[in-house]
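Structure assessment
Residues per chain are reported as follows:
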Amino acid sequence: MSTRPRLHRGLFGCGVLLGIVAEQMMLFAVPLLIFQDTKEVSALGFAYAIEWLPALLAYPFAGLLADRDGGARLFRFVTAGRGVVLIGALIGCLAAPSLLTPILMTSGALLSLLMAPVRMSVEKVVPQLAKGTELAKIQGLVQSMEVSAMAVGPALAMLGVAFLDKIWLLGGAALVFLAAAACWLPLPRGLRTPSTGKARETFAELRLGWSILRHTKPLVLLASLNFSINLVFSTVLSANAALVTGVFKAPESTFALLNICVGVLGIVNLLLIPFTLRFVGVRTLGIFGLSLLCVCLISIGWATSMLLYGAAFVAAMLGVTYFNVFNRTQRIRVLPQEHLGKVMGPFYLLNMLALPLAGLLVAGFGSSLGPQRLVAILAILLTVFGAIMLPLTIRAFSRAFAAQEKTLVGANAE
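This one's a predicted model, so the numbers in the text were calculated from it and none came from an experiment. (Residues numbered from 1 in each chain as written. Predicted model: local features only at pLDDT ≥ 70, side-chain atom pairs only at ≥ 80, totals over all residues. Heavy atoms only, no water.)

Quick notes on the packing of helix α4 (residues 100-129) against helix α5 (residues 134-163)
Look at α4 against α5: their axes get within 9 Å of each other, and the N-to-C directions meet at 145 degrees. Pair α4 / α5 crosses with right-handed handedness. Residues Val122, Val126 and Pro127 of α4 touch α5, and the partners they reach there are Leu135, Ile138, Gln139 and Val142. Taken together, the residues of the contact of α4 with α5 sort by class into six nonpolar, one polar and no charged. (Axes fitted to C-alpha atoms, helices over the stretch in contact; angles between N-to-C directions. Helix = DSSP H or I, 4+ residues; strand = E, 2+ residues; numbered from the N terminus. Left-handed = near helix turned anticlockwise from the far one by under 90°. Contact = heavy atoms within 4.5 Å. Nonpolar A, V, L, I, M, F, W, Y, C, P; charged D, E, K, R; others polar.)

Encoded structure:
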């Protein structure tokens with residue numbers, strides 16, 4: 001690999017890492033601030049739902065923007081915008097402490113709205129940096145950066161609160177967002193799709209994206225599987241602060257330590273996944289990842305101590321990591337690059353619909369049924385559903401790839 005592509009991949013990974021580090025700092029600070037301010041598990045659920053609802057509407061449009069822009073410039077602009085939002089939230093919380101929870105919920109919704117084009121930019125740039133067998137390695141890099149950020153983000157957050165109040169983490173995360181945007185400055189802009197910007201053209205492109213998704217059976221099956229995984233795991237994430245500090249009566253440092261352990265495991269995976277892919281296909285990795293996730297989620301639902309809960313939580317994130325290598329690699333391979341953003345926008349919308357629903361489940365049943373029992377029920381349902389859907393999804397992708405190869409062979413013969 002020449003020096004410039006290697007540099008671009010390094011800056012790409014660094015930008016992804018720093019952006020998610022900032023997100024992880026917020027995931028540490030905001031739930032604790034809200035829980036301390038309200039003392040209600042339901043408030044965490046509502047905050048989680050409000051945070052993710054705007055992204056649902058933004059994803060299809062964000063996909064169009066990524067197609068038109070090429071990805072790199074959009075990432076820089078929007079990531080810097082997330083930093084500006086946090087600076088505004090910090091000023092608001094300092095000026096009006098009594099409005100802390102509404103301000104944090106509002107800023108969370110804005111960050112979620114801006115997250116959609118960030119995710120779509122990453123999806124658009126990945127196939128620009130790698131082709132063929134290298135694609136799975138880049139997807140492994142993205143997934144490992146996401147999980148590794150779970151070590152760096154909480155570690156920075158814990159370091160910050162050792163000297164400052166948690167509210168100042170908003171300012172620290174803002175600076176990290178700005179640094180993430182700067183990392184992508186040297187990346188090439190990528191292939192752009194010309195557009196007049198008219199509403200009729202925009203809605204025609206949106207319809208095309210939905211149409212391609214609807215008629216691509218492997219993506220439909222994968223979207224339903226992703227939705228079910230996100231619903232259960234997001235229920236855990238939504239109630240995590242209450243489970244750690246409330247159910248198991250652990251200190252705040254334990255809440256951060258959980259994410260740090262997950263992140264350290266992610267750093268190890270950064271080294272292991274490229275090596276593993278030499279001997280194991282992405283399909284096998286997906287099967288192992290989903291199986292591990294289901295076992296761990298059931299364990300979370302029945303854990304009787306913080307030690308058991310923590311071990312299951314960390315291992316569950318490992319399962320998500322391995323499954324997502326399969327998830328990310330297969331879906332890109334089955335789509336034409338020129339329509340990638342148009343299709344991935346609706347695809348993300350369907351996946352992320354589970355996140356606000358998980359927040360509403362916690363808000364509605366977190367106090368009456370109990371967050372841990374709710375997770376146990378959902379985990380059992382996911383295990384049954386996954387055992388049926390994953391083989392169907394793998395078979396559908398195999399048929400789609402076989403059809404692509406047949407079409408390519410026919411075109412070359414002509």
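We are not done yet, so read on.
Some remarks on a nonpolar patch on the surface
Together, Leu94, Val152, Leu156, Leu159, Phe163, Leu164 and Trp168 give the surface a local cluster of nonpolar side chains, amounting to about 700 Å² of exposed area. A per-element tally of the nonpolar patch places α5 first, with four residues. (Patch = residues over 30% accessible without salt bridge, like charges linked within 9 Å, V, L, I, M, F, W, Y side chains within 5 Å. Areas by Shrake-Rupley, 256 points an atom, 1.4 Å probe, with all protein chains shown as cover. Salt bridge = Lys/Arg side-chain N within 4 Å of Asp/Glu carboxyl O.)

Here we look at the nonpolar core
Phe12, Tyr59, Leu170, Trp184, Leu297 and Tyr309 are the most contacted members of the largest nonpolar core, which has 132 residues in total. Not counting chain neighbours up to four residues away, the residues in contact with Phe12 comprise Val122, Val125, Val126, Leu129, Ile138, Val142, Trp184 and Leu187. (Core = buried A, V, L, I, M, F, W, Y, C linked by side-chain atoms within 4.5 Å. Buried < 20%, exposed > 50% of the residue type's maximum accessible area, 1.4 Å probe, protein only.)

Overview of the packing of aromatic side chains
A complete count under the given rule lists eleven aromatic pairs for this structure. On the basis of an interplanar angle of 20 degrees and a centroid distance of 6.3 Å, the ring pair of Phe233 and Phe313 is categorised as stacked. Placement of Phe233 in helix α8 (residues 217-247) and of Phe313 in helix α11 (residues 306-333) is noted, with a sequence separation of 80 residues between them. Classification of Phe233 as buried rests on a relative accessible area of 8%. In this structure Phe313 comes out as buried when scored by relative accessible area, which is 0%. Grouping aromatic residues by their ring pairs yields a cluster made of Phe233, Phe248, Tyr309 and Phe313. (Phe/Tyr/Trp six-rings, centres within 6.5 Å; stacked < 30°, edge-to-face > 60°.)

What about the side chain of Thr101?
Relative to the assigned elements, Thr101 resides in helix α4. The exposure class of Thr101 is buried, given its relative accessible area of 9%. Those residues in contact with Thr101 that lie beyond four places of it in its chain are Ile34, Asp37 and Thr38.

Thoughts on the pattern of salt bridges
Side-chain pairs of opposite charge can arise where the charged atoms are in close proximity. Under the criterion given, the structure shown has eight salt bridges. Two residues, Asp67 and Lys124, come together in a salt bridge whose shortest N-O distance is 2.8 Å. On the criterion of sequence distance, the pair formed by Asp67 in helix α2 (residues 41-69) and Lys124 in helix α4 is long-range, its members being 57 residues apart. We note that Asp67, like Lys124, is buried. Taking the shortest distance from any N to any O, the salt bridge between Asp67 and Lys342 comes out at 3.4 Å. Of this pair, Asp67 sits in helix α2 while Lys342 sits in helix α12 (residues 340-352), and the two are 275 residues apart along the sequence. The pair Asp67 / Lys342 is uniform in exposure class, with both members buried. Within the structure, one salt-bridge network assembled from shared partners comprises Asp67, Arg68, Lys124, Glu205 and Lys342.

Comments concerning the environment of His215
Structurally, His215 can be placed in the loop between α7 (199-214) and α8. Through-space distance from the C-alpha of His215 to that of Ile388 is 21 Å; in sequence the pair is 173 residues apart. One polar contact links the side chain of His215 to the main-chain carbonyl oxygen of Ser211, over a distance of 2.8 Å. (Polar contact = N/O pair within 3.5 Å; in protein donor to acceptor, adjacent residues only side chain to side chain.)

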